[in-house]
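Read off the chains here:
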Amino acid sequence: MQALFIDAAASAHEQRFAIYHEPQGPVRGTVLTVHPFAEEMNKSRRMIGLGARALAKAGFAVLQVDLRGCGDSAGELAETTWDDWLDDIRLGCDWLAARHGGPRWLWGTRAGCLLAADAARQMGGDFDFLFWQPQTSGRQVLQQFLRLKMASQMQQGSTKGLTEAMQRDLTEGRVVEVAGYRLGPGIAQGLTRASLAPPPAVGCLHWFEVTTREPAQLLPAAAGTLAAWRAAGFNVQAQAVNGPPFWQTLEIEDAPALIEPTVVAARAAQALAAA
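Computed from a predicted model, the values in this text were never measured in an experiment.

Further remarks concern the sheet that holds strand β2 (residues 15-21). Taken in spatial order, the eight strands line up as β1-β2-β4-β3-β5-β6-β9-β10 in an open sheet, and their pairing is mixed. The sheet is open, and its two borders are formed by β1 (2-7) and β10 (235-242), each paired with just one other strand. This sheet shows a mean twist of 20 degrees between the axes of neighbouring strands, independent of strand direction. Across the sheet, helix α2 (residues 82-97) is in contact with β1, β2, β3 (29-34), β4 (60-65) and β5 (104-109); its angle to β3 comes to roughly 155 degrees. On the sheet, helix α7 (residues 223-231) packs against β6 (128-132), β9 (204-211) and β10 and is oriented at approximately 155 degrees with respect to β10.

On to the state of the cysteines, then. Across all of its chains, the model carries zero disulfides by this definition. Of all cysteine sulfurs in the structure, the one in Cys113 sits closest to Cys70, which takes part in no disulfide; the separation is 15 Å. Lacking any disulfide linkage, Cys113 is separated from the closest cysteine sulfur, that of Cys93, by 15 Å.

Rules used throughout
Residues numbered from 1 in each chain as written. Predicted model: local features only at pLDDT ≥ 70, side-chain atom pairs only at ≥ 80, totals over all residues. Heavy atoms only, no water. Pairing = 2+ DSSP bridges. Helix = DSSP H or I, 4+ residues; strand = E, 2+ residues; numbered from the N terminus. Axes fitted to C-alpha atoms, helices over the stretch in contact; angles between N-to-C directions. Contact = heavy atoms within 4.5 Å. Disulfide = S-S within 2.5 Å.

In short, the description is geometric, and any link to function would need to be established separately.
The following block contains the structure:
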């Protein structure tokens, strides 16, 4: 595992923090992680790191990149745009491609799945996808995020019209602060447009959900999106595993049942492509 900084594609004065997990044995392909939005990124970092190490042990070169304005990367979130994040995904893919061949994977977690699908549409070429607990609507992601402000102000009086006021501020180009994050219109507009639609070039999609229910079952809400990806020609495999919702728990928690199926899925897809 190697921590490094990569010069940003759009500016020589900015760098993106990344962690590279070197593959063990013959290289099976490359995997770029696309992290969740806001506090879910911090909650998910440990689980993504565990998954990245497991994939590297199985022969995949894995790169974790903090997108602009996030984590230890340069830039301010308030000034960042959705296109900046798409550029960062391209940057990470190019960095991996310069070092390794083989199948290219985009591994999204939560809202990172929306970014991964959009980036694949922008870049073209063949990608396979790993999705952890995907969010299918960017507009819904934004609404849920803005509601955090309403929840924090409920004890201070009326919150009537607060969400609408924040949406109006963003539409008119102003920054809003929610739960310690300064969100600007550049990300808000991108989220509003984002949907988990399949890119034109088909490949594999491995979709994983985590649930506390027994037995583990996929949420019914996923059915329509999964059907759309299958109809587009993707080889879609979907699975639910038991574990805590690590992306939103108060304390950092692990969902170990998620790791092995993820590695098995990636290895099976690589073997199928090589056959």
